[in-house]
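# Survey of secondary and tertiary structure
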Amino acid sequence: MSRTLFIADLHLCQEEPAITAGFLRFLAREASHCDALYILGDLFEAWIGDDDPNPLHQQVADALRALPVPVYFIHGNRDFLLGKAYGRASGMTLLPEEQVLECYGHRLLILHGDTLCTDDAGYQRFRAKAHQRWLQRLFLALPLLVRKRIAARMRDGSKQANQHKSLSIMDVNAQAVAATMQRQQVRMMIHGHTHRPAIHRFTLANQPAERAVLGAWHERGSMIQLDASGISLIEFDW
């Protein structure tokens with residue numbers, strides 16, 4: 001059966017080896033038997049530069065490069081600094097933050113999803129600053145140890161800030177979803193980021209529309225399968 005798979009929000013790190021092991025099994029059992037694999041951001045918990053010698057990064061790159069199918073990557077809010085060097089090492093094709101696909105008769109938009117969370121004004125201000133190219137170049141020019149310390153402080157600050165935010169603020173904004181889909185002229189969207197796996201069906205410009213949300217891999221695996229019949233959300237044990 002022809003199918004394309006989508007995943008996001010694995011947050012791979014050395015402190016969670018079980019998730020990494022589950023991901024490697026997923027690559028061998030599922031991803032090796034599809035037409036293409038799309039990773040919609042936050043593959044890693046943090047990314048401070050392609051020059052980070054973390055052995056986990058090489059292990060994942062080797063596994064991705066060994067896949068007999070093309071792999072595509074959209075940056076998330078945790079790994080937005082992942083660069084061309086790691087793309088080459090892993091065999092992944094790096095995509096822009098929004099990508100329209102034409103697959104099996106469907107036209108759909110894929111993205112990480114953080115840009116849709118417009119009610120979280122504090123995060124959107126941070127994102128706008130963090131995505132300035134000059135600031136990214138400045139950060140990547142710092143010694144690796146300094147980057148590690150900065151990233152650790154930022155993660156701690158983010159966790160503390162999120163504890164005081166309502167769940168609704170950290171979810172997508174319905175108007176932002178509609179505006180994005182209409183701008184890209186699609187009625188199907190797949191994204192991650194919110195860690196709220198579901199398929200939402202609604203009406204957009206008097207036409208049926210779908211928004212599929214990937215789950216995080218903290219306790220179980222989550223993927224979306226796209227084939228001629230449409231999209232399916234599938235959760236599975238590692």
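Please read all numbers here as calculations on a predicted model, not as lab measurements. (Residues numbered from 1 in each chain as written. Predicted model: local features only at pLDDT ≥ 70, side-chain atom pairs only at ≥ 80, totals over all residues. Heavy atoms only, no water.)

## Re the packing of aromatic side chains
Counted under the stated rule, the structure contains 11 aromatic pairs. Both rings, one in Phe 6 and one in Tyr 38, keep their centres 5.2 Å apart while their planes meet at 20°; by these two values the pair is stacked. Taken together, the residues Phe 6 in strand β1 (residues 4-7) and Tyr 38 in strand β2 (residues 36-39) connect sequence positions 32 residues apart. By relative accessible area, which is 8% here, Tyr 38 ends up buried. Put simply, the rings of Phe 23, Phe 26, Trp 217 and Phe 236 pair up and form one aromatic cluster. (Phe/Tyr/Trp six-rings, centres within 6.5 Å; stacked < 30°, edge-to-face > 60°. Helix = DSSP H or I, 4+ residues; strand = E, 2+ residues; numbered from the N terminus. Buried < 20%, exposed > 50% of the residue type's maximum accessible area, 1.4 Å probe, protein only.)

## Looking at unusual backbone geometry
We note that His 11 has phi near 55°; this positive angle belongs to a residue other than glycine. Although it is not a glycine, His 193 adopts a positive phi angle of roughly 80°. In this structure, His 193 sits in the loop between β7 (188-191) and β8 (198-204). Of the residues examined, His 193 reaches a relative accessible area of 17% and is grouped as buried.

## Some remarks on empty space enclosed by the protein
Enumeration over the complete set of coordinates arrives at one cavity of 30 Å³ or more. Taken as a whole, the largest cavity spans an internal volume of roughly 50 Å³. Lining the largest cavity are His 75, Glu 97, Glu 98, Leu 111, His 112, Gly 113, Asp 114, Thr 115 and Arg 127. Of the residues contributing to the lining of the largest cavity, the split by class is one nonpolar, four polar and four charged. (1 Å grid on protein atoms, 1.4 Å probe; cavity = no way out; pocket = protein on both sides within 12 Å on 5 of 7 lines; lining within 4 Å. Points joined across faces, edges and corners; volume = space filled by probe spheres on them. Nonpolar A, V, L, I, M, F, W, Y, C, P; charged D, E, K, R; others polar.)

## A closer look at the pattern of salt bridges
Scanning the entire structure with this criterion turns up 10 salt bridges. The salt bridge partner of Arg 78 is Glu 45, with a shortest N-O separation of 3.6 Å. Here Arg 78, found in the loop between β3 (71-73) and α3 (84-90), pairs with Glu 45, found in the loop between β2 and α2 (55-65); they are 33 residues apart in sequence, far enough to count as distant. Neither Arg 78 nor Glu 45 differs from the other in exposure class; each is buried. Residues Arg 127 and Glu 97 are paired through a salt bridge, measuring 3.1 Å at the closest nitrogen-oxygen approach. Here Arg 127, found in helix α4 (residues 121-130), pairs with Glu 97, found in the loop between β4 (92-94) and β5 (98-103); they are 30 residues apart in sequence, far enough to count as distant. Taking relative accessible area as the criterion, Arg 127 reaches 13% and is therefore assigned buried. Put simply, Glu 97, Asp 114 and Arg 127 are held in one network by salt bridges that share partners. (Salt bridge = Lys/Arg side-chain N within 4 Å of Asp/Glu carboxyl O.)

## Re the UniProt feature "binding site: Mn(2+) 1" (unreviewed entry) in the chain
Cross-referencing UniProt, the feature "binding site: Mn(2+) 1" (unreviewed entry) maps to Asp 9, His 11, Asp 42 and His 195 in the present numbering. The named residues occupy 187 residues along the chain; their greatest pairwise C-alpha distance, 11.3 Å, places them in one compact cluster. Along the chain, His 11 turns up in the loop between β1 and α1 (17-29). Accessibility expressed as a relative area gives 7% for His 11, which makes it buried. Once residues within four sequence positions are removed from consideration, His 11 is found in contact with Asp 42, Leu 43, Phe 44, Glu 45, Arg 78, His 195 and His 218. Here Asp 42 lies in the loop between β2 and α2. Not counting residues within four places of it along the chain, the set of residues in contact with Asp 42 comprises Asp 9, Leu 10, His 11, Gly 76, Asn 77, Arg 78, Asp 79 and His 112. (UniProt positions renumbered as here; feature names shortened; annotations may be inferred. Contact = heavy atoms within 4.5 Å.)

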